[in-house]
Amino acid sequence: MSAVMITRKVRKWEKLPGKNTFCCDGRVMMARQKGVFYLTLFLIIGTCSLFFAFECPYLALHLSPTIPVFAVVLFLFVMAMLLRTSFSDPGVLPRALPEEATFIEMEIEAANGNVPQGQRPPPRIRNVQINNQIVKLKYCYTCKIFRPPRASHCSICDNCVDRFDHHCPWVGNCVGKRNYRYFYLFTMSLSLLTIYIFTFDIVHVVMRSVDNGFLNTLKETPGTVLEVLVCFFTLWSVVGLTGFHTYLISLNQTTNEDIKGSWSGKNRVQNPYSHKNIFKNCCEVLCGPAYPSVLDRRGVMQEDSPVSASSAAPDNNSSSSSSSPEPQAMKPTAPLIPNEHTPDDAKPSIAASAQKSPSPKEEHPPPSKAPPLASPEAEVEASNTKDKTH
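Here the structure is a predicted model, which is why all the values come from computation and not from measurement. (Residues numbered from 1 in each chain as written. Predicted model: local features only at pLDDT ≥ 70, side-chain atom pairs only at ≥ 80, totals over all residues. Heavy atoms only, no water.)

1. Looking at the nonpolar core
So, point 1. The biggest cluster of nonpolar side chains holds 36 residues, and the ones touching the most others in it are Ile44, Phe51, Leu82, Phe186 and Tyr196.
So, point 2. Among the elements of the structure, strand S3 (28–31), helix H1 (35–62), helix H2 (66–86), helix H4 (180–212) and helix H6 (222–251) are those that each provide at least two residues to this core.
So, point 3. Counting residues per element, this core draws most heavily on H4, at 10 residues.
So, point 4. Excluding anything up to four places from it in sequence, Phe51 contacts Cys56, Leu59, Ala71, Tyr196, Ile197, Phe200, Asp201 and Glu227.
So, point 5. Of all hydrophobic cores here, the second largest spans 10 residues; its members include Phe22, Cys154, Cys157 and Phe164. (Core = buried A, V, L, I, M, F, W, Y, C linked by side-chain atoms within 4.5 Å. Buried < 20%, exposed > 50% of the residue type's maximum accessible area, 1.4 Å probe, protein only. Helix = DSSP H or I, 4+ residues; strand = E, 2+ residues; numbered from the N terminus. Contact = heavy atoms within 4.5 Å.)

Right under this line is the structure:
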């Protein structure tokens, strides 16, 4: 069975390496582990739904109608920042093509020379100068590239991410150069929303307790108790995370650099990306330009896929098979020796072959008849007769 190569156009996100999942024809990009992200959505939507159902009607009537309005605006902003962080490209760097990887390997071998057997080859690094500071670019053995400054390889997504901060399971994506500001705005707005709901939950319980008593209020509004517990345990982690990233932004530093101690004072290495000014650092991180994606995940590429000839053209094969005659079974032929016994099943074939093939007489005409030769006795008698006559 022969194979036919068929060329078809596919989106690049379908063939991209790594451990990401794509939705909406490549427009949505997330990590494969999304269970904690669904938990985040459930906690935020569930807590706000209880707040809108139990507290907002009472507070809007007895305090101010702007309380639920501001809560709705804050809730929508939190959801927008969460989805923007989770569904965007964090700054994934494309892997080297086979030709590029081969060229880089040749450059590394030429630079290192022949390494004696038994010795460990030197590390694959390149030195660049940024703001009068030497920064080392490390080689990624998975992506086959020298990573740009501040980039790192995420082991969960299996991709190199530019200005890699960390992989956040709560948002279901990496946090990098292209979505860090949205992640920070998400944590900050979620802290404000948590404090807002927690505060007005307490106000609601206090106002109702004045008229009905504390125990009766808890019985009448069981959702409020659940909201207070969720907000109490969430408040410390979310507010602490926001404060930690505020500290990193003021230094123009990433979580990955802070954990590794890249710019600590031990090695007398200063942060070359810091402007030595908190206001400038915050403006660069939060108000800097929006960087485009270099992944081109929705681009079009051609793919050659082998297809069997029978499946590719079933009509042609069926028509050709129907039009072609079936091979006839071989029958025993007539014997070459005349005295050999001819089997009964071969006799019809012999007769048919005799009718179809011309006879030897028709093919070769008989030669002309020659006069018969006289015998020796006749010749003697003829000679005697001649002598008598003479």
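2. Quick word on the pattern of salt bridges
So, point 1. According to the stated counting rule, one finds 6 salt bridges in the structure shown.
So, point 2. For Arg11, the salt bridge is made with Asp25, and the minimal N-O distance between the two is 3.7 Å. Within this pair, whereas Arg11 is found in strand S1 (residues 3–11), its partner Asp25 is found in the loop between strand S2 (20–23) and S3, the two being separated by 14 residues in sequence.
So, point 3. Here Arg150 ties to Glu257 by a salt bridge, and the two come within 2.9 Å at their closest N and O atoms. Of this pair, Arg150 sits in the loop between strand S6 (145–146) and strand S7 (152–154) while Glu257 sits in helix H7 (residues 255–260), and the two are 107 residues apart along the sequence. You'll find Arg150 and Glu257 in the same group, each marked buried. (Salt bridge = Lys/Arg side-chain N within 4 Å of Asp/Glu carboxyl O.)

3. Some details on a nonpolar patch on the surface
So, point 1. A cluster of nonpolar side chains, Val36, Leu39, Phe42, Leu43 and Trp170, forms an exposed patch at the surface whose accessible area comes to about 480 Å².
So, point 2. In this fold, Trp170 is placed in the loop between strand S9 (166–168) and strand S10 (173–175).
So, point 3. Residue classification places Trp170 among the partly exposed residues on the basis of a relative accessible area of 46%. (Patch = residues over 30% accessible without salt bridge, like charges linked within 9 Å, V, L, I, M, F, W, Y side chains within 5 Å. Areas by Shrake-Rupley, 256 points an atom, 1.4 Å probe, with all protein chains shown as cover.)

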